[in-house]
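# Descriptive analysis of the structure
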Amino acid sequence: MMSSASTLVAETIWSNIESLWKLIIGANGGSDRLHFLFGKNLERATRIVDQMGVRRISGQPSGRVIFQVMGESRRKEEYFCFPEHYCACYSFFYDIVNRGEQLCCKHQLAARLAASLGTCVEVQLL
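Notes on the structure in this doc start here. Throughout, residues of each chain are indexed from 1 in the direction in which the sequence is written. Residues qualify for local features only when their pLDDT is at least 70, as the model is predicted, and side-chain atom pairs are given and counted only at 80 or more; totals for whole chains, interfaces and linings, by contrast, use all residues. Each side-chain value is worked out from all heavy atoms of the structure, with water and hydrogens disregarded.

## Structural notes on the sheet that holds strand E5 (residues 121-125)
Whether two strands pair comes down to DSSP finding at least two bridges between them. We count a stretch as a helix when DSSP gives it H or I for four or more residues in a row; a strand needs E for two or more, and each element gets its number in order from the N terminus. With mixed pairing, five strands are arranged side by side in an open sheet as E4-E3-E2-E1-E5. With one partner strand each, in any of the chains shown, strand E4 (86-87) and E5 form the two edges of the open sheet. Where strand E1 (residues 54-59) lies against strand E2 (residues 65-70), five bridges are found, and the strand directions are antiparallel. Across the sheet, Arg55 pairs through a bridge with Gln68, a residue of E2. Each of E1, E2, strand E3 (78-82) and E4 is contacted by helix H5 (residues 106-117), which is oriented at about 115° to E2, the strand it contacts most. Contacts: residue pairs with any heavy atoms within 4.5 Å of one another. Axis angles are defined between N-to-C directions and span 0 to 180 degrees, where every axis is a line fitted to C-alpha atoms and, for a helix, only to the segment in contact.

## Points about the nonpolar core
In this structure, Phe38, Val54, Phe67, Val69, Cys87, Leu109 and Ala110 are the most contacted members of the largest nonpolar core, which totals 30 residues. Sorting the residues of this core by element identifies helix H1 (4-19), helix H2 (30-38), helix H3 (40-50), E2, E3, helix H4 (90-98) and H5 as the ones contributing at least two each. Of all the elements, H5 adds the most residues to this core, at five residues. Other than its neighbours up to four places away in sequence, Phe38 contacts Ala10, Trp14, Gln102, Leu103, Cys104 and Leu109. What we call a nonpolar core is a set of buried Ala, Val, Leu, Ile, Met, Phe, Trp, Tyr and Cys residues that are connected through their side-chain atoms within 4.5 Å. When accessible area is computed with a 1.4 Å probe and restricted to protein chains, residues below 20% of their type maximum are described as buried, those above 50% as exposed, and intermediate ones as partly exposed.

## Focus on a nonpolar patch on the surface
A cluster of nonpolar side chains, contributed by Phe82, Tyr86, Phe93 and Val97, occupies part of the molecular surface with about 340 Å² of accessible area. Checked against the element boundaries, Val97 lands in helix H4. Two joining distances apply to patches: 9 Å for like charges and 5 Å for nonpolar side chains (Val, Leu, Ile, Met, Phe, Trp, Tyr), and every residue must have over 30% relative accessible area and no salt bridge. All accessible-area figures derive from a Shrake-Rupley calculation using a 1.4 Å probe, and residue coverage is judged against the displayed protein chains alone. A pair is scored as a salt bridge if a Lys or Arg side-chain nitrogen falls within 4 Å of a carboxyl oxygen belonging to Asp or Glu.

## Describing unusual backbone geometry
Glycine aside, a negative phi is what most residues show, and trans is what most peptide bonds show. Between Gln60 and Pro61 the backbone carries a cis peptide bond, its omega angle lying at 10°. Tracing the chain through its elements places Pro61 in the loop between E1 and E2. For Met52, which is not a glycine, the phi torsion comes out positive at approximately 55°. Examined against the element boundaries, Met52 turns out to sit in the loop between H3 and E1. When its relative accessible area of 47% is taken as the criterion, Met52 is described as partly exposed.

Quick look at the structure:
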């Protein structure tokens, strides 16, 4: 099971990425740190981001936000997620909730990465 210390480390790194995006491309070893924390999900999430597979859906006038992230399967399923807390994919329930082996799934990671880099496809609902 992942410890709260690991979660704190991950949150600190996300803050660094948001303020200094060079961290993600290795300027200070950031990519190594992210790979250590997120493993195989990091590469998968970056592929999703590269394919512009993250939509940031915001409701107006409330301003509430949810992300819709595409999957990598042939079916190209899409999953709704709140990056810090929940994803509708199978991996979230199996690897994170049941087994506690990962901090987050690739969809949550892709949503946070795209939001941090400003590469989400923006959708506003009125």
